[in-house]
Structure formats: structure tokens, C-alpha cells
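What follows is each chain in one-letter form.
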Amino acid sequence: SVAGVGRILQQSRAGHVGIALVGLVTLILIAASTTSFSSRENPGPAQELGGSALLFQEQNEGFFRVVEAQSGPLVGPAINVSESAPETRTYHTYDRALAQRDPGLVANAGGHHHQNFLVFFSGHQGSSWLLDMLGSAPGVYVPGFEPLEVLNATAAQKLRFLDLTFSLPISEDAYAIWVAEIVDLGRQSGIRLSYTDLPTYADVAATRAAGFKIRPYWGHRTGFRGLDLAEVKAILDDRDVSLVLTTRQNYLKAAASWYRAREVGVNQFTRQQSADFDAGQKVEFDLDRFQEWVDFVVNAERELKDAVSFFQRPTLTVSYEELALDPIGATGHVAKFLGLGGTRVPASAKFRKTGSDSLRVMVSNFEELCERYWVTPYRWMLGVESCREAGAAARGARRDEAAAMTKAAALDPEASRLAKAIAFPSATNPKDCFASGWADGAQGCASRLHQHKVEAALRARHRRSPVFFKHVHKAGGTTLCQHASAFVFTETRPLPANSGWGTDCVPQEAFLSRPPQSLLLSSLLRRQPVDADALTRRGAWLGGACFFGHLTPSAQHALPRAFPNLGFVASEGPLPDELALNLDYPLITMLRDPFDRLVSAHKWFLFMKQRFPGIAGSICSSYDAPANATLSEWLDYYPDNWVTRTLLGSRYLYGKDLPLGEAELQQAKNRLEAFTTVLVLEELDLGLRVLGEVLGWEEREGEGTEMAAGAP
């Protein structure tokens, strides 16, 4: 692959030697595409907000929130969800609404003395536990447990309840009217309120945050059942409502919780404890029926992300795994997000699951479950070691010993083959070696880097770590994202700030208003915290399509824990100024002929300026130019040696006046040595075969990745 890079460099110099400025750009080593070659008329998702995708843009003394203007009615009345419909059915609530939207800028409503919020959930994600702790904090008003998850309330009653919750009274007289209406509304509709714990006026006056949890999609007895999405959005915008999105990254465990609760009646939140508690929790699963619950969990996760894309409110994601690991810390993070800094969040075990979280403990036919999902993208969710233990117990000690010996014998050839296939680094940058904790000289750093690249590739082959793709602008990145989707889980939900476009394998959470909590801790660095404020600016973190370039070494290590259900994670823009070389996951990238990439980048810029007037049309907000600039005029604004600068880091991309020489070019080439695989767009078929060999992405017979000839 490095030889292929050299060929491109030589061809570029020979082919464009007569164009001085473009000749300078041809020193660029690589370039990546955000546009699928099969979708050239709609070039690339995820960058229309200037790449870094901050959810807020400063305007004078206030902020304008990036949202999408309505073009006619977004959606009619909600579909008629039958009361007898199975709970596992999902309805693609947002498909029509998202397809009808065009982006625009509108002012963010404000002026309320408290922060309104909704907790979006789908079930068995820890949302009850989270809200129980948050609602127990002083100054937080939660009107009831899942108040709108009822069958009998009409759409008008639900909308009125939303508005009442988010418009608290500011005088005692107004309070008397407010509390009477909310109680009367609850009794008429069946809305679930805490009638024995209604807030006093003093409580309301002291409220700093108000909200509750709700399922934001149409379904059997969900809070959004019967609601018009446009009417809900109008309330959320007018009342300045923030969102807390709860997820559970292990879909199999979430589905197991649903299965036990609905099919068997095992209480997930029982507080009974005994020596044989776990033994009494084992259930034999009907795996065909269990698959229906798995599909439901996956679809519900899609609905949650679609809801975030549609409502475009400031959003914080909290995973069940984070909550279980550190309930006080995770809830405190939510409190800070809601403007409750300094508030002490009380501990609570009321809704904490007391049984084992291990599928091996929960499922009596666990070995059968392992066999069912072992060769699927859900493999890591099983607990690989647990599956091996289950297989050993079934086969007996002798067969287990033989299998272990066979496995050990097979492992060495695999590692040996990868060690030969992955090139030994020719050089490294001292700064990156230091960031990795290595201080044994250049040769020692190179040896360690090669060892880590082999180990990371082995982990990725066995689906124990994601693959990170450094997506260079306009070099076939969308094509590679689509290829990866055939083998591992990738991000498929719409871009939150512009739901008509996808994210090109960038995690959707990267576009939200705060970094995922998992990115703020790194177990490899003894849980050394990362300062969230260092990753944020004016209430929004420096994420978006170019999020990876803003991560510290500690946060780079934490990436697999931040997005554990993704097997392929992409980011455009620059690498970090300090790049950790001892990451647990492999890095790959793809290059393109520099001149072709440059022309394509110019066309993309013109498209963006036409499609979204008034915004910087550049990737990662790295430059701006006149909307009708010719290629020659545009080059006066475009950072020279784009790929060299993005390899060197954020400092060189955003400091485009920093001079580049042979030393910087060599440093950029040294950074390429950190990549397990470097593909070349013009030799894509060869590159995909290399990926198949290194990552185990062998193509199925009859399948392949097609590219249109003459793609821009």
C-alpha cells in the first residue's frame, strides 16, 4: 500500500508539473470522499454544517440553533396503532417526516427560568433508574413515572400535558390554576401523575429543571401514540426542551431483558436477594421468538436516533453500560447538561437491576444462543469468553483441552501471517511515541507500533474492536463505508442537523451537543478523566464529521467504549495533534490521485454553497471562499497540501498559513505508518482484497463493491 502511495505521488508530479499551485497540492499524500460514486448528485452527508457540526452558531450576543425549516405540513395525524398490535412491531415513525424537510436557521427560543427536558427511551435501558435519581435531586420536577405511556389519553390531552409541564407558573395565583388543570387533565385522560406528591408553589418556584421520560415513536401504548410530530416539535422548540437519549449498547442483553419480562414474567428490577438468586433467573429461550425481540430492540434504537434527527434539540446520550458502571457520575453528567451544576444527585437502588447481567447466567440454553449469533455482527455482545466456557462445559474437559490446544496452534500462524502482511514502520514521530508512553528510541517505537498494529488487526478480525477509518475528503470514503456495512455494524441513521443525509459511518452521537460520557474516560490510562470543557465550545462539543481530530490521546483510547456496537467508525478532517500509536483498534485510510481529488473537492464546495446558502461550504469549517469561485480562484482560499496538513493534525489544517517543507512532509509520511492498511482509490479492488485478508472481510461469492467510471 505504501508503494501505491509512492506511485500516486510520482504520477501526480509527472502529470501536473506545469501548474505551480496545483503542483504544490499534488504533494498531498491522500484524499477522501464523503460522496458515494453512485450518488454524485447528492455529494456526501454530514458536512453541510461546516464539518465540525457545532449545534449552535454564535450570532451577536445570542445563538442561532441549526435546525431545518418546515416546508408545508411535515406529517399528518399519527397512524392508527391497533391496541392488539404486537409490542415488537415498530412503525418507522419518522421516515415520512424526515424525508420532507429542508435545512435552515431559526432562532433558539429561550427566556424560561428553568431547563425543560425529555428523556427519550425505549425500555430496559436504565432510564427509570436514571430518572429516579435525577428526579430526587433538589430543584428537579418530574410529574410522574412515564406519564404519557397510557392508552386512553387523546392527542390533545397529551400535547396539553407537555405544555403544562414545560410552562411552570410564576405566581401563586397562576399556580392554583395550573395545579388544578394538571390534576383534572390527569384524571380525565388516565395520565399517570404522582397525585400524593404534587409540588407546592414553593417547589415550583425552586424548580431548575422539569421533565419526564417518554417513548418518542408510534407504537402500542407509547407516549407518542396519536401525536402529530410537527405539533410536538413546535412545543419543544417554543419551550426550549433539551433531550436525554438513553441507549443500551448491547442489543442482545436488551432483547434478553425484554424477553424475560414479556415472555416469562421475570421481574428485571426485583430487589430480592439470595445465595441462589442467579440460579433462579435462568430461562430457556425460544430463539426464534428471541430474534423478534432482537429485531425490536434494533428498530427501537433506530426510532430513537430518528427522533433526535427530527427534533434537533440539544441532546445528551447516556448508555445503560455507563449508568451501571458509575450511576452517580452518569446522573451527575446529566445534571450538568441540564444546567444543574453543583447539584448533589442522591444515590438510589430502587430501579437498579439486581440480577446478573451475564447472558450465560440468564439463558439456560446459552450454548445454543452462542451458536445462533456467533457468526453475526452480534458476536461481541455474547461475551466471547462466556461462549467458550459454555462450549467447553458441553464438550467435556478432554475435548475442551484438545480444542484449546488446536486454538492455540491456530492462533500463532494467524498472528504470524498478519505480522508479515502488515508492513513494519520505516519511521515514527517522537511526539506520537511520547503520547503513547514509549520512550525507548525510534527503533523501539517502531517495533512497538508494529506489534500493536498486528494485535489490533487480530482484535478486529475477531470482532473485539472496531476499525477506525480516517476519511480523507473526496477519496472514496462513502464507497468504503458501504463496503464495511456488509461485514460489521456501521452508523446508518440520519445526520441530526440535516436528516436528509446520512453520516457516512460517523457515529451519530458525534453530532450531538456534548461528547459521549465514555469518551471522557479511558480505562487504559487508569480511568484518567478528559476535561469535557476542553472538547466543548459555547455549549457544543467540537464533534461532527471531524470529531477525531479534537480528541486527546486518552479520549482516542476510549473510542471503542464510546461506540461499542459499531464495528467501523469514520471521521473526516485532521488527525489529532497528538496521535496515540498504542490504540486497541486498527486505523485505515484511502488515497486518491491528488489532482482528481482536488477537482472533486472544488465541485463539492460549489454544490454546498448552492445547496446551503450562508454557510461555510468547506469540510470541517477549515476555510471559506466565494460561492461562485472558479477552480483557480478557489485555490487561493483552499489550504494547500490538504492531505499533508490533515495528517499532521488540527494545528496545521486550521493554521493554513503555517509553512510546510520537507520536514513536515516526512512527518506526515511517518503518520501513515500508524495505519494498518492504506488503500488507493484507483486500485480499489486490490485494496478490498487486502482488507479482506487483514480484517477478515472476505467477500461472499457474487458480491463486490462497484464504482462508476469517471466519478467526480
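Residues numbered from 1 in each chain as written. Predicted model: local features only at pLDDT ≥ 70, side-chain atom pairs only at ≥ 80, totals over all residues. Heavy atoms only, no water.

Looking now at the overall build of the protein chain. Helices and strands together make up the secondary structure of the protein chain, namely 28 helices and 18 strands. Across the 712 residues in the protein chain, those meeting the buried criterion constitute 58%. Sequence-distant contacts, at least 24 apart, represent 78% of the contacts inside the protein chain between residues at least 6 apart. Within the structure as shown, the protein chain displays about 28700 Å² of accessible surface, and the carbon and sulfur contribution to it stands at 51%. (Helix = DSSP H or I, 4+ residues; strand = E, 2+ residues; numbered from the N terminus. Buried < 20%, exposed > 50% of the residue type's maximum accessible area, 1.4 Å probe, protein only. Contact = heavy atoms within 4.5 Å. Areas by Shrake-Rupley, 256 points an atom, 1.4 Å probe, with all protein chains shown as cover.)

A complete count under the given rule lists 30 aromatic pairs for this structure. Pairing Tyr259 with Phe290 gives two aromatic rings, centres 6.3 Å apart and planes at 75°, and the pair type is edge-to-face. You can see Tyr259 sitting in helix α9 (residues 251-264) and its partner Phe290 sitting in helix α10 (residues 287-311), a full 31 residues away along the chain. For Phe290, a relative accessible area of 0% puts it in the buried group. One aromatic cluster is present, formed by Tyr251, Tyr259, Phe285, Phe290, Tyr373, Tyr378 and Phe489 through successive ring pairs. Across the ring face of Tyr652, the terminal group of Arg651 is positioned such that the distance to the ring centre comes to 5.2 Å. (Phe/Tyr/Trp six-rings, centres within 6.5 Å; stacked < 30°, edge-to-face > 60°. Lys NZ or Arg CZ within 6 Å of the ring centre and 35° of its normal.)

Applying the stated criterion across every chain, the model contains 21 salt bridges. With its nearest N and O atoms 2.7 Å apart, the salt bridge here joins Glu263 to Arg289. Of this pair, Glu263 sits in helix α9 while Arg289 sits in helix α10; the two residues are 26 residues apart in sequence, bridging distant segments of the chain. When the shortest N-O distance is used, the salt bridge between Arg671 and Asp432 registers 2.9 Å. Within this pair, whereas Arg671 is found in helix α27 (residues 662-672), its partner Asp432 is found in helix α18 (residues 430-435), the two being separated by 239 residues in sequence. Here Arg671 falls in the buried class, since its relative accessible area comes to 3%. (Salt bridge = Lys/Arg side-chain N within 4 Å of Asp/Glu carboxyl O.)

This part is about the state of the cysteines. Covalently bonding the sulfur atom of one cysteine to the sulfur atom of another cysteine gives a disulfide. Inspection of every chain in the model, using the stated rule, returns three disulfides. A disulfide bridge connects Cys546 with Cys620, and the sulfur atoms are separated by 1.9 Å. Measuring the twist about the S-S bond at about -75°, one finds the Cys546-Cys620 disulfide to be left-handed. On the criterion of sequence distance, the pair formed by Cys546 in the loop between β15 (540-541) and α21 (553-557) and Cys620 in the loop between α23 (594-611) and α24 (631-635) is long-range, its members being 74 residues apart. (Disulfide = S-S within 2.5 Å.)

Moving on: the sheet that holds strand β4 (residues 115-120). As summarised here, the arrangement of the five strands in space is β5-β6-β4-β7-β8, forming an open sheet in which the pairing is parallel. Looking along the sheet, the strands with just one partner apiece sit at the ends: β5 (140-141) and β8 (315-319). Pairing geometry for β5 and strand β6 (residues 209-214), over two bridges, is parallel. Within β6, the residue paired with Tyr141 across the bridge is Ala210. Along the sheet, α10 contacts β4, β7 (241-247) and β8; its crossing angle with β7, the most-contacted strand, is approximately 160°. (Pairing = 2+ DSSP bridges. Axes fitted to C-alpha atoms, helices over the stretch in contact; angles between N-to-C directions.)

Attention now moves to unusual backbone geometry. The backbone of Arg463 sits at a positive phi, close to 60°, despite the residue not being glycine. Residue placement: Arg463 occurs in the loop between α19 (441-461) and β9 (467-470). You can call Arg463 partly exposed: its relative accessible area is 21%. Of note in this structure, Cys620 is not a glycine but carries a positive phi near 65°.

The subject of this paragraph is the sheet that holds strand β18 (residues 677-680). Pairing is parallel across the open sheet formed by four strands, whose spatial order is β16-β9-β17-β18. The open sheet terminates on both sides in strands that have one partner only, identified here as β16 (568-571) and β18. The mean inter-strand angle of the sheet, taken between neighbouring strand axes irrespective of direction, is 25°. For β9 and strand β17 (residues 587-591), the ladder comprises three bridges, and the chain directions are parallel.

Mean pLDDT over the protein chain works out to 75, with 70% of the residues at or above the 70 mark. In this model residues 522-529 is a low-confidence stretch, pLDDT under 50, and it forms 18 contacts with partners more than four residues away in sequence or in other chains. Taken together, the stretch residues 700-712 has pLDDT below 50 and engages in 23 contacts with residues farther than four places along the chain or on a different chain. (pLDDT = per-residue confidence, 0-100.)

Here α19 contains 21 residues, and its C-alpha end-to-end distance of 30 Å stays within 8% of the 30 Å for a straight helix at 1.5 Å per residue. Two residues or fewer past α19, Arg463 is found with a positive phi of approximately 60°. (Expected span 1.5 Å × (residues − 1).)

Think of two packed helices as two axes; the pair is described by the angle between the axes and how far apart they sit. At a closest axis distance of 10 Å, the pairing of helix α5 (residues 155-165) and helix α8 (residues 229-238) adopts a crossing angle of 10°. The pairing of α5 with α8 is recorded here as roughly parallel in orientation. Where α5 approaches α8, its residues Leu159, Leu162 and Asp163 are matched on the opposing element by Glu231, Val232 and Ile235. Residue composition of the contact of α5 with α8, grouped by class: four nonpolar, no polar and two charged. (Parallel < 35°, antiparallel > 145°, perpendicular 65-115°, else oblique. Nonpolar A, V, L, I, M, F, W, Y, C, P; charged D, E, K, R; others polar.)

The next point concerns the nonpolar core. Counting 83 residues, the largest nonpolar core has Leu480, Phe547, Phe548, Phe568, Trp634 and Trp697 as its most contacted members. If sequence neighbours within four positions are ignored, Phe568 has contacts with Pro466, Val467, Phe469, Leu480, Cys481, Ala484, Val488, Phe489, Thr490, Cys505, Ile588 and Trp697. Listed in part, the 70 residues of the second largest apolar core include Phe166, Leu185, Leu227 and Phe310. (Core = buried A, V, L, I, M, F, W, Y, C linked by side-chain atoms within 4.5 Å.)

Negative charge collects at one region of the surface, where Glu284, Asp286, Glu368 and Glu371 lie side by side. Here Glu368 lies in helix α14 (residues 366-373). Its relative accessible area of 44% is what places Glu368 among the partly exposed residues. (Patch = residues over 30% accessible without salt bridge, like charges linked within 9 Å, V, L, I, M, F, W, Y side chains within 5 Å. Lys, Arg positive; Asp, Glu negative; His and termini not counted. Charge placed at Lys NZ, Arg CZ, Asp CG, Glu CD.)

Within β4, six of the six residues are buried, which leaves the element mostly enclosed by the surrounding structure. Burial of the side chains of β4 extends over both faces: Gln115, Phe117 and Val119 are buried on one face and Asn116, Leu118 and Phe120 on the other. Taken together, the six bridges between β4 and β6 define a ladder with parallel strand orientation. Counterpart to Val119 in the pairing with β6 is Lys213. When β4 meets β7, the two strands line up parallel, connected through five bridges. Residue pairing in the sheet places Asn116 in a bridge with Val241 of β7.

With that settled, consider the pairing of β17. Within β17, five of the five residues are buried, which leaves it mostly tucked inside the rest of the structure. On β17, burial covers both faces: Leu587, Thr589 and Leu591 on one face and Ile588 and Met590 on the other are all buried. Looking at chain direction, β17 and β18 are connected through four bridges and run parallel. Counted as the bridge partner of Ile588 is Thr677 from β18.

Here Val241 shows up in strand β7. Between the alpha carbons of Val241 and Phe311 there is a distance of 9.8 Å; along the sequence they are 70 residues apart. Those residues in contact with Val241 that sit more than four places away from it in its chain are Gln115, Asn116, Phe117, Leu118, Phe166, Leu236, Arg313 and Pro314.

Examined against the element boundaries, Leu151 turns out to sit in the loop between β5 and α5. You can call Leu151 partly exposed: its relative accessible area is 29%. Sequence separation between Leu151 and Ile191 is 40 residues, and the spatial gap between their C-alpha atoms is 9.0 Å.

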